[in-house]
Amino acid sequence: ARRIMPALIVMCASLLAPAYWLMLPGQLIAFGRNLVATLLLYSNVSYWRAANYFSERAELNPLLHSWTLAVEGQFYLLFPLVIPMLRRLGLRPMTLILATALLASLALSQWAAHSHPSANFYLAPSRAWELIAGILSAIAHRHGRRIARPAASWIALPLLILPMLIYDAGTPFPGFATVPVVLGTILLLQGEVLETAVGRLLAMRPLVLTGLMSYSLYLWHQPLFAFYRLYRGGEISTAAGWILIVLVFPIAYLSWRFVEGPARRPDGPLAARTALLLFLAGSIGSSVVVAHWIKVERGLPQRMPAPVIRVLDTRFGGRHGCLNRLSTEAIAAGERCFIGAEQGRPTLAIIGDSHATSIADDLSDALRDRGIRANIFTWSWCPPLARLDGDLPARRKCIAARDEALEQIAADSHIRTVLFYAEWANYTTGYTQASYDPPTAFHFDGGGRVSDNPAQFARAARATFTALERSGKRVIVIRSTPEFTFRVPERAARLLLDRSAKLATLDLPLVAYHQRSGDAMRRLDQAAKGIDVRFVDPIPTLCTAGRCPVVNGQGEALYTDHNHLSRRGAQRIVPLLVPLIEAPTR
């Protein structure tokens with residue numbers, strides 16, 4: 001606690017003023033929540049639970065890096081309770097048990113790197129082996145087991161340096177890719193390094209000082225980068241990045257010299273256990289109070305001009321959307337989600353991904369007024385076309401549930417119309433936000449490569465539409481809506497705060513829409529040839545004069561994030577659907 005908490009608390013307290021100045025209301029609420037999670041050492045769990053494509057860019061979170069402290073804190077709260085029991089068994093059994101735990105954690109990490117990458121990255125079980133490696137190294141050192149060969153240091157250095165040069169965002173991490181870094185560190189710790197050229201290099205005063213300040217450097221780098229991004233409203237140039245790296249050193253020096261050092265001194269202000277506990281209790285308690293106040297005050301929107309509040313006041317119309325709610329077993333057992341009229345048999349089925357969810361509330365209101373009841377089936381980032389599978393282990397359940405839903409829809413004689421709506425280009429081109437979308441190969445009844453996605457998509461669409469027509473259904477397909485490379489409300493708010501900029505600069509050129517979604521639309525058209533499929537094109541209502549604006553005439557955002565329609569956007573689409581839904585089928 002003396003080593004970690006004082007500098008962390010001072011850093012967190014220092015962030016309150018820039019957060020108040022730079023953050024939008026929603027961001028400030030999230031900051032307060034993250035502040036409490038950081039000081040209570042569970043931010044890794046918090047970030048894991050929030051990791052999805054609706055969440056804001058991680059780079060804008062000044063406390064994102066605190067997840068590593070949370071992992072360490074959880075481990076070192078548990079480990080002191082376990083080690084006395086292990087020591088009673090003797091050195092050899094204790095070492096064997098720890099080595100077994102290391103291998104089990106590493107195996108879990110490698111498996112989860114592909115099946116549950118977010119949990120693998122943030123949670124302690126798949127990270128524990130890295131810490132256990134350090135513990136085994138300490139046990140070996142304590143019992144005089146060292147690596148006497150100088151060559152160890154020459155092996156260690158490339159193991160530490162090469163991953164920085166060859167790993168990228170697509171490298172599954174942690175897992176086996178983490179082994180070189182951990183092994184290189186162990187070799188440096190265990191080897192007779194000081195007598196080698198590597199040792200003399202690492203003993204140079206600037207590097208030693210960097211090592212002494214390393215914890216404060218770690219604490220302060222992420223806030224500097226995050227607040228710069230918030231201030232500039234975008235990416236960091238190479239020049240700005242180097243300036244920030246240089247700037248973090250004097251800040252870290254002050255933190256190390258005047259916070260870390262005094263807190264750890266035997267005669268320092270926190271030397272007494274009572275003083276330390278009071279300091280921790282007061283600091284953590286204050287953070288809870290501040291976070292609760294920010295939440296109650298809804299992020300203090302009074303800091304912002306009225307146009308900014310208006311453009312941020314977007315609602316996602318998915319309260320009735322049943323997103324990710326129905327499993328294969330539930331659908332087979334007859335469980336359903338309904339929108340529209342509260343009584344009667346459903347005559348309409350809606351199926352899609354989160355885009356279909358975004359129009360659910362407004363469509364439900366329109367259907368209720370006309371006495372129409374509908375089933376709705378929606379899953380995040382899940383292609384709503386039969387037998388279109390993909391290299392998406394985390395979404396295997398939704399793919400099976402989707403196929404069950406389509407079979408049930410086809411077999412239900414009361415369902416006359418089936419409405420499809422999705423972010424169609426996801427399943428041909430890939431998701432627009434690269435950090436969320438490693439290249440995914442979609443395949444229809446067999447394997448495939450990413451380059452095969454458009455053809456596989458077309459085959460799945462054709463098979464889906466044909467099967468529904470044979471069962472007497474009419475199909476309605478909503479074409480793709482515009483997709484942006486930024487979160488619309490937040491970017492628009494930033495521009496409004498910068499009075500020299502105009503919102504029109506955020507408009508999406510129609511040519512960019514066609515570049516993104518044109519191929520998927522052509523594939524759907526080809527799949528629908530000769531079949532009773534009605535297409536609804538939202539572009540004429542969302543785009544004018546060759547551009548797609550981000551706000552309506554009242555300054556209200558038409559999108560809740562990069563691509564999902566807000567309630568205002570959905571209210572432009574729903575009137576196009578109602579006449580087709582009400583029209584008699586063949």
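Going by the structure above, here's the rest.
Criteria and thresholds
- Every residue gets a number counted from 1 within its own chain, in the order that chain's sequence is written.
- Local features in this predicted model are restricted to residues whose pLDDT is 70 or higher, and side-chain atom pairs enter the listing and the counts only when it is 80 or higher, whereas totals over whole chains, interfaces and linings include all residues.
- Here the side-chain values reflect all heavy atoms present in the structure, with hydrogen atoms and water set aside.
- Angular values range over 0 to 180 degrees, each being the angle between N-to-C directions of two axes fitted as lines to C-alpha atoms, with helices fitted over their stretch in contact.
- Strands are runs of DSSP state E lasting at least two residues, helices are runs of H or I lasting at least four, and both sets are numbered from the N terminus onward.
- For classification, angles of less than 35 degrees are called roughly parallel, those exceeding 145 degrees roughly antiparallel, those between 65 and 115 degrees roughly perpendicular, and all remaining angles oblique.
- What makes a crossing left-handed is the near helix being turned counterclockwise from the far one by less than a right angle; a clockwise turn instead makes it right-handed.
- By the convention used here, residues are in contact when the closest approach between their heavy atoms is within 4.5 Å.
- For the purposes of these results, a polar contact is taken to be a pair of N or O atoms within 3.5 Å, where, inside protein, one atom must be able to donate a hydrogen and its partner to accept one; residues adjacent in sequence count only when each atom of the pair is a side-chain atom.
- In plain words, nonpolar cores are sets of buried Ala, Val, Leu, Ile, Met, Phe, Trp, Tyr and Cys residues tied together by side-chain atoms within 4.5 Å.
- We call a residue buried when its accessible area falls under 20% of the maximum for its residue type, exposed when it is over 50%, and partly exposed in between, using a 1.4 Å probe and counting protein chains only.
- Disulfide assignment relies on a single distance test, namely cysteine sulfur atoms paired within 2.5 Å.
- Working definition: a ring pair exists when centres of Phe, Tyr or Trp rings (six-membered ring for Trp) sit within 6.5 Å. Plane angles under 30 degrees give stacked, over 60 give edge-to-face, the rest tilted.
- Expected span, for any helix, means 1.5 Å times one less than how many residues it has.
- A pair of strands is treated as paired once DSSP finds two or more bridges between them.
- Fitting one axis to the seven residues ending at a residue and another to the seven starting there, the bend at that residue is the angle between the two axes.

Peer 1: What exactly am I supposed to notice about the packing of helix 1 (residues 5-14) against helix 15 (residues 273-296) here?
Peer 2: Between helix 1 and helix 15, the shortest axis-to-axis distance is 11 Å and the interhelical angle comes to 30 degrees. As far as their axial angle goes, helix 15 and helix 1 are roughly parallel. As for the relative orientation of helix 1 and helix 15, their crossing is left-handed in sense. Side by side, helix 1 and helix 15 meet where M5, P6 and I9 of the first sit next to F279, L280 and S283 of the second.

Peer 1: I'm lost on the side chain of T428 in this one. Help?
Peer 2: Mapped onto the elements, T428 comes out in the loop between strand 5 (417-421) and strand 6 (442-444). Among the polar contacts made by the side chain of T428, one reaches the side chain of T429 at a distance of 3.5 Å. Setting aside residues no more than four positions away along its own chain, T428 makes contact with N453, P454, F457 and A520.

Peer 1: Quick question: what am I supposed to make of the nonpolar core here?
Peer 2: Side chains of nonpolar character tend, in soluble globular proteins, to be buried together. Core analysis: the largest hydrophobic core is formed by 90 residues, its most contacted members being I350, L363, W379, F420, W424 and F465. Residues within four places of W424 in sequence aside, it is in contact with P384, L385, F457, V477, I478, R479, S480, A520, M521 and L524. Formed by 66 residues, the second largest nonpolar core is a distinct cluster that contains M5, L131, I132 and A240.

Peer 1: Would you mind going over the state of the cysteines with me for this structure?
Peer 2: Applying the stated criterion across every chain yields a total of three disulfides. One disulfide in the model links C382 with C398; its S-S distance is 2.1 Å. Around the S-S axis, the bridge from C382 to C398 shows a dihedral of about 100 degrees and counts as right-handed. Of this pair, C382 sits in the loop between strand 3 (373-378) and strand 4 (388-390) while C398 sits in helix 20 (residues 396-411); the two residues are 16 residues apart in sequence, bridging distant segments of the chain. Each sulfur of the disulfide joining C543 and C548 lies 2.0 Å from the other.

Peer 1: When you look at the packing of aromatic side chains in this model, what are you seeing that I'm missing?
Peer 2: Given two aromatic rings, their pairing is described by the distance between the two centres and the angle made by the two planes. Using the criterion set out here, one finds 16 aromatic pairs in the structure. For the pair W21 and Y231, a centre-to-centre distance of 5.9 Å together with 35 degrees between the ring planes defines the contact as tilted. Within this pair, whereas W21 is found in helix 2 (residues 16-22), its partner Y231 is found in helix 13 (residues 214-232), the two being separated by 210 residues in sequence. The burial state of W21 is the same as that of Y231; both residues are exposed.

Peer 1: What is the right way to look at helix 13 in this model?
Peer 2: Note on helix geometry: an α-helix contains 3.6 residues per turn, so any two residues three or four positions apart are oriented the same way. The terminal C-alpha atoms of helix 13 lie 27 Å apart, and with 19 residues this matches the ideal 27 Å at 1.5 Å per residue to within 8%. The element helix 13 is extensively covered by neighbouring structure, given that 14 of its 19 residues are classed as buried.

Peer 1: Teacher, can you tell me more about unusual backbone geometry here?
Peer 2: Glycine aside, the phi torsion of most residues is negative, and most peptide linkages are trans. Along the chain, F173 connects to P174 via a cis peptide bond; the corresponding omega equals 0 degrees. Mapped onto the fold, P174 is located in the loop between helix 9 (151-166) and helix 10 (179-190). Its identity is not glycine, yet L41 carries a phi of approximately 60 degrees, on the positive side. In this fold, L41 is placed in the loop between helix 3 (25-39) and helix 4 (43-50).

Peer 1: Explain the sheet that holds strand 7 (residues 474-478) here, please?
Peer 2: The strands that make up a sheet are held in pairs by hydrogen bonds between backbone atoms, and each pair lies either parallel or antiparallel. Here six strands make up an open sheet; going across it, the order is 1-3-2-5-7-9 and the pairing mixed. Every interior strand has two partners, whereas the edge strands, strand 1 (338-340) and strand 9 (533-536), have only one. For this sheet, the mean angle separating the axes of adjacent strands, direction not counted, is 25 degrees. As paired strands, strand 7 and strand 9 are joined by four bridges and run parallel to one another. Its bridge partner lying in strand 9, V477 is registered against F535. Docked against the sheet, helix 19 (residues 360-369) engages strand 1, strand 2 (348-352), strand 3 and strand 5, running at close to 60 degrees with respect to strand 1.

Peer 1: Quick question: what am I supposed to make of helix 5 (residues 66-88) here?
Peer 2: The end-to-end C-alpha distance of helix 5 is 34 Å, a good match for the 33 Å that 23 residues give at a rise of 1.5 Å each. For helix 5, the principal kink sits at F79 and spans about 35 degrees; a proline, P80, occurs within the next four residues. Along helix 5, the residues that are buried comprise S66, W67, L69, A70, V71, G73, F75, F79, I83 and L86. In the segment just after helix 5, G90 is the residue with positive phi, at about 105 degrees.

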